[in-house]
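Descriptive analysis of the structure
Below are the chains, spelled out letter by letter.
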2 protein chains.
Amino acid sequence: MEKELIEDYRFGRQQLAEMCGYACAVAVTKVFPVAALSRKQRTVLVVCGPEQNGAIGLVCARHLRVFEYEPTIFYPKRSSDSLSKDFTTQCEKMDIPFLSYLPTEVQLINDAYSLVIDAILGPGAEPGEAKEPCTSILATLKLVKIPIVSLDIPSGWDVEMGSEDGISPEVLVSLAAPKKCAGRFSGKYHFVAGRFVPDDVQKKFHLNLPGYPGTECVVAL
Amino acid sequence: MEKELIEDYRFGRQQLAEMCGYACAVAVTKVFPVAALSRKQRTVLVVCGPEQNGAIGLVCARHLRVFEYEPTIFYPKRSSDSLSKDFTTQCEKMDIPFLSYLPTEVQLINDAYSLVIDAILGPGAEPGEAKEPCTSILATLKLVKIPIVSLDIPSGWDVEMGSEDGISPEVLVSLAAPKKCAGRFSGKYHFVAGRFVPDDVQKKFHLNLPGYPGTECVVAL
């Protein structure tokens, strides 16, 4: 489907990442409305992987900042792609802090942040082949007590089969459409952020998604 | 300011056009909520010029389609820029009709559409140098009775001085920040779509804009 959007519809990768990252940030506001949070409670740790999922995480972090959250980014393996580089610069210039390492002491993460955005691995990653530093990060995230919001799929899950012992996000934001593993998601909130997918493509891939109300870019399933 | 966003903050032109076009479509929904309109009343004529303003108009048209309006595009002088070409393909593939000419009989426009989006000329255009087909289009738009929504500046206006005898839009959507000529705008609704402008840039250029509520990308002045 992504191929169709990019090759036939001529959507740009920058354009798609911008729309997806924006929608993820909007989904966060639905579950954790900023007005109900103290300044301390607005702290969000955004963990970005080296591929497309991480790029969307960077966009999400920028919009969270605009929505008056306090994001901090951990982006240990930076992509050399100009798209990701530009998104990184936007975050840096907007004074979003970047962590140089992730505490292995889980309590430090629980204390410092109110939630974690998991933008580590997307549906294109082979779970068996997850490499460092991703495997260590996932081992840490399995232990945190604060809610995890996963972008597209929970990192480390197989796109179809899910995972027996992977991370358990509280919120899942499916991008474009839910992947098969979303059927095994047992968290509280599942959103789809795919309003940008043209009707004909939705029909062709039998998405049967609910309608998006008003000007909303995400819808809860 | 655009230079600063692009060169220092590394915002992409595609990314900025996407955010601006989306925000313009959202502004339209505020003044003309789709739920209050019959299908016939949802018809919108989007007139796109050859430059950046026209590219944003194409994005706006696409989002209006997603928001269940019935846009029709008139884009007589197509840009050879890949950005505009891709936005054009997105609209074409989503079955948005393109007019091959604009009726000179104004009544036909009044009857066929409920509003006009003016994405013809932006602040970079020299009003004295407006060429065909823009001058004819503007002459026609001066006579239409349906509301006009202008993107960034009313086309044909001088960016500072405005215009004595130019078009009179009912709605103005300033992009990033109001241009000087917005002080001469006498229509009913003036929005700013510039939430993406980082705080430091807003301060540097003394924008003093009102806060955007919630996740809103536009704010009424």
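Up top is the structure.
In this report, the structure presented in the accompanying data block is examined. (Residues numbered from 1 in each chain as written. Chains lettered and ligands numbered in written order. Predicted model: local features only at pLDDT ≥ 70, side-chain atom pairs only at ≥ 80, totals over all residues. Heavy atoms only, no water.)

Attention now moves to the sheet that holds strand 2 (residues 70-74) of chain A. Residue and element names in this part refer to chain A. Here we have eight strands laid out as an open sheet, ordered 3-2-1-4-5-6-7-8, and mixed in their pairing. In the strand order of this sheet, the two ends are held by strand 3 (98-99) and strand 8 (219-220), each with one partner. Alignment of strand 4 (residues 115-119) against strand 5 (residues 148-151), held across three bridges, turns out to be parallel. Among the inter-strand pairings, Asp118 is bridged to a residue of strand 5, identified as Ser150. In this fold helix 3 (residues 52-66) packs onto strand 1 (43-48), strand 2, strand 3, strand 4, strand 5 and strand 6 (171-175), with an angle of close to 160 degrees to the strand it touches most, strand 1. (Pairing = 2+ DSSP bridges. Helix = DSSP H or I, 4+ residues; strand = E, 2+ residues; numbered from the N terminus. Contact = heavy atoms within 4.5 Å. Axes fitted to C-alpha atoms, helices over the stretch in contact; angles between N-to-C directions.)

Spatial ordering of the open sheet is given by 3-2-1-4-5-6-7-8 (chain B), a layout of eight strands whose pairing is mixed. Either end of the sheet is taken by a strand with one partner, and the two such strands are strand 3 (98-99) and strand 8 (219-220) of chain B.

Per the counting criterion, the structure on display carries five aromatic pairs over all chains. A centroid spacing of 5.6 Å and a plane angle of 70 degrees characterise the contact between A:Tyr22 and B:Tyr22, whose relative ring orientation is edge-to-face. Of this pair, A:Tyr22 sits in helix 2 (residues 13-31) while B:Tyr22 sits in helix 2 (residues 13-31), placing the two residues on different chains. Cluster of aromatic residues (ring-pair linked, three or more members): A:Tyr22, A:Phe67, B:Tyr22 and B:Phe67. Sitting over the face of the ring of B:Tyr9, A:Lys93 holds its NZ or CZ atom 5.0 Å from the ring centroid. (Phe/Tyr/Trp six-rings, centres within 6.5 Å; stacked < 30°, edge-to-face > 60°. Lys NZ or Arg CZ within 6 Å of the ring centre and 35° of its normal.)

Next up on the list: the interface of chain B and chain A. Taken together, the contacts link 29 residues of chain B with 29 residues of chain A. If you sort the residues of chain B by the area they bury against chain A, B:Gln15, B:Lys93 and B:Thr215 come out on top, with a joint share of 21%. Our enumeration of links across chain B and chain A arrives at two salt bridges. We note a salt bridge from B:Asp86 to A:Arg10, for which the minimum N-O separation is 3.1 Å. Between chain B and chain A we count 12 residue pairs in polar contact (both at pLDDT 80 or more) in total. (Buried area = accessible area lost by both parts, 1.4 Å probe. Salt bridge = Lys/Arg side-chain N within 4 Å of Asp/Glu carboxyl O. Polar contact = N/O pair within 3.5 Å; in protein donor to acceptor, adjacent residues only side chain to side chain.)

The tally for this structure, following the rule as stated, stands at zero disulfides over all chains. Cysteine A:Cys134 is unpaired, with the sulfur of A:Cys48 as its nearest cysteine sulfur at 11 Å. Free of any disulfide, B:Cys24 has its nearest neighbouring cysteine sulfur in B:Cys60, separated by 5.3 Å. (Disulfide = S-S within 2.5 Å.)

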